[in-house]
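Secondary and tertiary structure notes
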Amino acid sequence: ALHKVLSIFAYLLSFQLAERTGLPMLLHNRNTQGDFERQVRENRHRFSNGIVHSFTGTQDEVQELVSLGLYIGVNGCSLKTEENCSVAASIPLSHLVLETDAPWCDVRATHASHKHVKTTWASVKKEKHTVE
């Protein structure tokens, strides 16, 4: 599909920019059926470092990304199911990044991870958020 081609092209441009600037990358992976890992693996030499943001992948993906020297970011969206929690718990602390991604990816009462939350903050629905 066109969106897949555009996504791959955008990643290739991002790898090129990271290579030119020497800056790290903030990577996002959703429903790529292996294309993401392949692109990152093939282009890993082009960027200094990176974080896979809002990770919701598998244990195998954790191992692959850690072997590439990348950090793995988790937030509320990463911790919706028991399987997500199990995978997140397996991320080596040396490669774990805790993200808030507020106010969109908080830990919600419907998430499997909610039972582990000890501290809460008031949240505001997106449509009610106003800038003062």
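Now for a look at the structure at hand. (Residues numbered from 1 in each chain as written. Predicted model: local features only at pLDDT ≥ 70, side-chain atom pairs only at ≥ 80, totals over all residues. Heavy atoms only, no water.)

1. What about the side chain of Gln-39?
Relative to the assigned elements, Gln-39 resides in helix H2 (residues 35-43). When sequence neighbours within four positions are dropped, the list of residues in contact with Gln-39 reads Ile-8, Leu-12 and Phe-15. (Helix = DSSP H or I, 4+ residues; strand = E, 2+ residues; numbered from the N terminus. Contact = heavy atoms within 4.5 Å.)

2. Structural notes on helix H3 (residues 59-67)
Listed in full, the buried residues belonging to H3 are Glu-61, Val-62 and Leu-65. Down the axis of H3, the smallest arc covering the buried residues is 105 degrees, so these residues share one side. Of the exposed residues in H3, those oriented more than 90 degrees away from the buried face are Asp-60 and Ser-67. Contacts from the buried residues of H3 go to H2, strand E2 (50-53), strand E3 (71-74) and helix H4 (82-89). Positive backbone phi, approximately 80 degrees, marks Gly-69, located one or two places after H3. (Buried < 20%, exposed > 50% of the residue type's maximum accessible area, 1.4 Å probe, protein only. Arc of directions from axis to C-beta.)

3. Some words on H2
Taken as a whole, H2 has its buried residues at Asp-35, Phe-36, Glu-37, Gln-39, Val-40 and Asn-43. In this fold, the buried residues of H2 make contact with helix H1 (2-21), strand E1 (25-28), E2 and H3.

4. Examining the nonpolar core
Counting 22 residues, the largest nonpolar core has Leu-27, Val-40, Phe-47 and Leu-70 as the members making the most contacts within it. If you list the elements that add at least two residues to this core, you get H1, E1, H2, H3, E3 and H4. Among all residues touching Leu-27, those that are not within four sequence positions of it are Tyr-11, Phe-15, Phe-36, Val-40, Phe-47, Ile-51, Val-52, His-53 and Leu-70. (Core = buried A, V, L, I, M, F, W, Y, C linked by side-chain atoms within 4.5 Å.)

5. Notes on the sheet that holds E1
The strands that make up a sheet are held in pairs by hydrogen bonds between backbone atoms, and each pair lies either parallel or antiparallel. Taken in spatial order, the four strands make up an open sheet running E1-E2-E3-E4, and their pairing is parallel. One side of each edge strand has no neighbouring strand; the edge strands of this open sheet are E1 and strand E4 (96-98). Sheet twist, expressed as the mean angle between neighbouring strand axes with direction ignored, is 30 degrees. (Pairing = 2+ DSSP bridges. Axes fitted to C-alpha atoms, helices over the stretch in contact; angles between N-to-C directions.)

6. Let's talk about the pairing of E3
In the sheet, E2 pairs with E3 via two bridges, with the strands oriented parallel. For Ile-51, the partnering residue across the bridge sits in E3 and is Tyr-71. Chirality of the crossover, the property in question, places the unit of E2, H3 and E3 among those that are right-handed. Of the pairings in the sheet, the one linking E3 to E4 comprises three bridges and is parallel in character. Bridging across to E4, Ile-72 finds its partner in Leu-96. In this view, the connection linking E3 to its parallel neighbour E4 by way of H4 has right-handed handedness. (Right-handed = clockwise from strand over helix to strand, strands pointing away.)

7. Some points on the pattern of salt bridges
Following the criterion strictly, the structure yields seven salt bridges and no others. In this structure, Asp-35 and Arg-38 form a salt bridge, with 3.3 Å as the shortest nitrogen-oxygen distance. With Asp-35 and Arg-38 both in helix H2, this residue pair falls three residues apart, about one helical turn. What makes Asp-35 buried here is its relative accessible area of 16%. Where Glu-42 meets Arg-38, a salt bridge forms, and the shortest distance between an N and an O atom there is 3.8 Å. Here Glu-42 and its partner Arg-38 are both found in helix H2, four residues apart, which amounts to about one turn of the helix. Under the relative-accessibility criterion, Arg-38 is labelled partly exposed at 29%. (Salt bridge = Lys/Arg side-chain N within 4 Å of Asp/Glu carboxyl O.)

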